[in-house]
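Below, each chain spelled out in residue letters.
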Amino acid sequence: MWRDLAPIGRNTTTNGYRRYAWTEADADCRAWFKEQAQNRGLTYEVDRNGNQWAWLGDPEAGDAIVTGSHLDSVPDGGAFDGPLGVVSSFAALDELRARGAHPAKPLAIVNFGDEEGARFGLACVGSRLTSGQLSVAQAHELRDADGLSLPRAMERAGYDPDAIGPDPERLARIGAFVELHIEQGRALDATENPVGVASAIWPHGRWRFDFHGEANHAGTTRIEDRRDPMLTYANTVLAARKKAKLAGALATFGKVSVEPNGVNAIASLVRGWLDSRAADEETLAAVVREIERAAVERGQRDGVDVRVTRESFTPVVEFAHDLRDQLSGLLGGVPILPTGAGHDAGILSASVPTAMLFVRNPTGVSHSPAETAGEDDCLAGVAALAEVLEGLACH
């Protein structure tokens, strides 16, 4: 499975992946998922929001145990973030069958669409739509860098954009959702354990900072006459690092656009996107407030107008404690650890009991071609997931 999936969407120059929602690479990943489901005799379906499902047992029976993750990527992302969870889910099902296990509840594997938000700027679109955390109207407003809307992109990919929306009946049939994911840090690497259980997801969000200045000639405009938004943006990037470090939080400007984007032109507009995360919502709000204040103060010095728009926000997610503790018990008391990364499991936690398993990442690197996990650790993750699925669905 890993060899078949590995070439899809891979950039030969960077060695990273560009599997963006509703593109050709995404379609190839979806075809791979469908083939895996059919090869195992599973009932395959696509829901109203484009999420793929593979069922063992009656999908209508209720109290189903669901596992899976996503197959899309960030720009030049690594091979493991998302796909490890999907591949491991199929492998865990194979392991259960090899054991002769007989599930008393339906089992399902899911591939949630557009988890990374690389194309339309909002993460976890498939699970947000399904759970009602993203309205149809909001979804219709999402656009990619070329101005193409999410509905039109879905339509071009062969899906019905008029069908998208909340899917409470589907969620009501789920008894528990367990997502396996590569750890996006090095907490497990400091232990003897290849697998851990998630305790919570830090609150996190994305904010767009618009720095409005004045376009002018780079070679003829005196320094004292400039209203250069690039200076204000640069100062804000540095301020974000400082404010986050002081608060024990995280703040990252990882995306920027410039107008008119000419080498010999002072910019008229610099737009930067801030990703910020913290252990609690109060700290997160304070950090973003401080970053905005620093931007506005510097903008006043530079003659630049600063406007800040919150584009998304996910509050702290405490995974269901009883399910979390049950997983840890089934696995012999493996470590329980928090994460700063968002996941579909976090979105679904407001609707169904959810939990997460992490597989050791020796470098801690993620969202990069350098992301990796050892084969033995990946196989340990499969064994752990099989143990969990058997404990939840077969007893």
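Whatever comes next refers back to the structure up there.
Residues numbered from 1 in each chain as written. Predicted model: local features only at pLDDT ≥ 70, side-chain atom pairs only at ≥ 80, totals over all residues. Heavy atoms only, no water.

J.: Before we go on, may I ask you to explain the overall build of the protein in this structure?
T.: Secondary structure summary: the protein contains twelve helices and 15 strands in total. Relative to the 2.2 N^0.38 estimate, which gives 21 Å for 395 residues, the radius of gyration of the protein is 22 Å and therefore close to what a compact globule would have. In terms of its C-alpha atoms, the protein occupies a principal-axis envelope of roughly 80 × 45 × 40 Å. Across the protein, contacts joining residues at least 24 apart in sequence account for 76% of those joining residues at least 6 apart. Surface exposure of the protein reaches about 17,100 Å², of which carbon and sulfur atoms provide 48%. Charge-centre separation for the protein: the mean point of 39 positive side chains lies 6 Å from the mean point of 56 negative side chains. (Helix = DSSP H or I, 4+ residues; strand = E, 2+ residues; numbered from the N terminus. Rg over C-alpha atoms; globule rule 2.2 N^0.38 Å. Contact = heavy atoms within 4.5 Å. Areas by Shrake-Rupley, 256 points an atom, 1.4 Å probe, with all protein chains shown as cover. Lys, Arg positive; Asp, Glu negative; His and termini not counted. Charge placed at Lys NZ, Arg CZ, Asp CG, Glu CD.)

J.: So what exactly am I meant to see when it comes to unusual backbone geometry here?
T.: For residues other than glycine, phi is negative in most cases, and the peptide bonds are mostly trans. Of note, the amide linkage connecting glutamate 259 to proline 260 takes the cis form, showing an omega dihedral of 0°. Residue position: proline 260 is located in the loop between strand 9 (250-259) and strand 10 (265-266). Of note in the backbone geometry, asparagine 15 takes a positive phi value of approximately 70° without being a glycine. With respect to the helices and strands, asparagine 15 occurs in the loop between helix 1 (2-5) and helix 2 (24-39). Here asparagine 15 falls in the partly exposed class, since its relative accessible area comes to 40%. At aspartate 76, a position not held by glycine, the phi torsion is positive, near 55°. Position of aspartate 76 among the secondary structure elements: in the loop between strand 3 (64-70) and helix 3 (83-99). (Buried < 20%, exposed > 50% of the residue type's maximum accessible area, 1.4 Å probe, protein only.)

J.: Any chance you could explain the sheet that holds strand 12 (residues 305-314) here in plain terms?
T.: By way of backbone hydrogen bonds, the strands of a sheet pair with one another, either parallel or antiparallel. The strand order 9-11-7-12 describes an open sheet built from four strands, whose pairing is antiparallel. A strand with exactly one partner marks an edge of an open sheet, and here the two such strands are strand 9 and strand 12. Taking the axes of each pair of neighbouring strands and ignoring which way they run, one obtains an average angle of 20° across the sheet. Looking at chain direction, strand 7 (residues 204-212) and strand 11 (residues 269-277) are connected through nine bridges and run antiparallel. (Pairing = 2+ DSSP bridges. Axes fitted to C-alpha atoms, helices over the stretch in contact; angles between N-to-C directions.)

J.: I'm lost on the packing of aromatic side chains in this one. Help?
T.: Working definition: an aromatic ring pair is given by the centre-to-centre distance plus the angle between the planes. Inspection of every chain in the model, using the stated rule, returns twelve aromatic pairs. Judged by centre distance (5.9 Å) and plane angle (90°), the rings of phenylalanine 112 and phenylalanine 177 are edge-to-face. A residue pair is termed long-range when its members are at least 10 positions apart, and phenylalanine 112 in strand 4 (residues 107-112) and phenylalanine 177 in strand 5 (residues 174-182) qualify at 65 residues. For the pair phenylalanine 112 and phenylalanine 177, one class covers both residues: buried. Ring plane angle 85° and centroid distance 5.8 Å describe the contact between tyrosine 233 and phenylalanine 253, whose orientation is recorded as edge-to-face. Of this pair, tyrosine 233 sits in helix 8 (residues 229-247) while phenylalanine 253 sits in strand 9; the two residues are 20 residues apart in sequence, bridging distant segments of the chain. For tyrosine 233, a relative accessible area of 11% corresponds to the buried category. Looking at phenylalanine 253, the relative accessible area reads 14%, which means it is buried. These aromatic residues form a ring-pair network of at least three members: Trp32, Phe33, Tyr44 and Phe90. (Phe/Tyr/Trp six-rings, centres within 6.5 Å; stacked < 30°, edge-to-face > 60°.)

J.: Looking at this model, I keep getting lost on the packing of helix 8 against helix 9 (residues 281-302). Mind explaining?
T.: The relative placement of two packed helices is expressed as an angle between their axes plus a distance between the axes. One can describe the packing of helix 8 onto helix 9 by two numbers: an axis separation of 9 Å at closest approach and a directional angle of 150°. Taken together, the axis directions place helix 8 and helix 9 in an arrangement best described as roughly antiparallel. With respect to the hand of their crossing, helix 8 and helix 9 are arranged in right-handed fashion. Residues Leu231, Thr232, Asn235, Thr236, Ala239, Ala240, Lys243, Ala244 and Ala247 of helix 8 pack against Thr283, Val287, Glu290, Ile291, Ala294, Ala295, Arg298, Gly299 and Asp302 of helix 9. Looking at the contact of helix 8 with helix 9 residue by residue, the classes come out as nine nonpolar, five polar and four charged. (Parallel < 35°, antiparallel > 145°, perpendicular 65-115°, else oblique. Left-handed = near helix turned anticlockwise from the far one by under 90°. Nonpolar A, V, L, I, M, F, W, Y, C, P; charged D, E, K, R; others polar.)

J.: Would you mind showing me how to read empty space enclosed by the protein here?
T.: In this approach, a probe sized like a water molecule rolls over the atoms, and the result shows the empty space that is left. Tallied over the entire structure, the rule returns three cavities of 30 Å³ or more. Listed by contribution, the elements that provide at least two residues to the lining of the largest cavity are strand 2 (52-56), helix 3 and strand 4. In terms of residue count, the dominant contributor to the lining of the largest cavity is strand 4 (three residues). The computed volume of the second largest cavity comes to approximately 40 Å³. Lining the second largest cavity we find Trp2, Leu5, Ala6, Tyr17, Arg19, Ala79 and Pro83. Among the residues making up the lining of the second largest cavity, the classes are represented as six nonpolar, no polar and one charged. (1 Å grid on protein atoms, 1.4 Å probe; cavity = no way out; pocket = protein on both sides within 12 Å on 5 of 7 lines; lining within 4 Å. Points joined across faces, edges and corners; volume = space filled by probe spheres on them.)

J.: Sorry if this is basic, but what is going on with the pairing of strand 5 here?
T.: Each regular strand carries side chains that alternate between the two faces of the sheet. With eight of its nine residues buried, strand 5 lies for the most part within the structure. Direction of pairing for strand 3 relative to strand 5: parallel, over a ladder of four bridges. From the neighbouring strand, alanine 64 faces strand 5, where its bridge partner is isoleucine 174. Relative to strand 15 (residues 354-359), strand 5 runs parallel, the two being bridged by six bridges. Bridging from a neighbouring strand, phenylalanine 177 pairs with threonine 354 of strand 15.

J.: I tried to follow the layout of surface pockets on my own but got confused; where do I start?
T.: Here the second largest pocket is characterised by a volume of approximately 270 Å³. Contributing to the lining of the second largest pocket are Met1, Trp2, Leu84, Val87, Ser88, Ala91, Glu375, Cys378, Leu379 and Val382. Broken down by secondary-structure element, the contributors of at least two residues to the lining of the second largest pocket are helix 3 and helix 12 (375-393). Residue composition of the lining of the second largest pocket, grouped by class: eight nonpolar, one polar and one charged.

J.: Explain the environment of histidine 212 to me, please; I cannot follow it from the model alone.
T.: Of note, histidine 212 is situated in strand 7. In this structure the C-alpha to C-alpha distance between histidine 212 and arginine 227, which are 15 residues apart in sequence, comes to 8.6 Å. Each residue touching histidine 212, except ones within four places of it in the same chain, is listed here: Arg227, Pro229, Ser268, Leu269, Gly303, Val304, Asp305 and Arg307.

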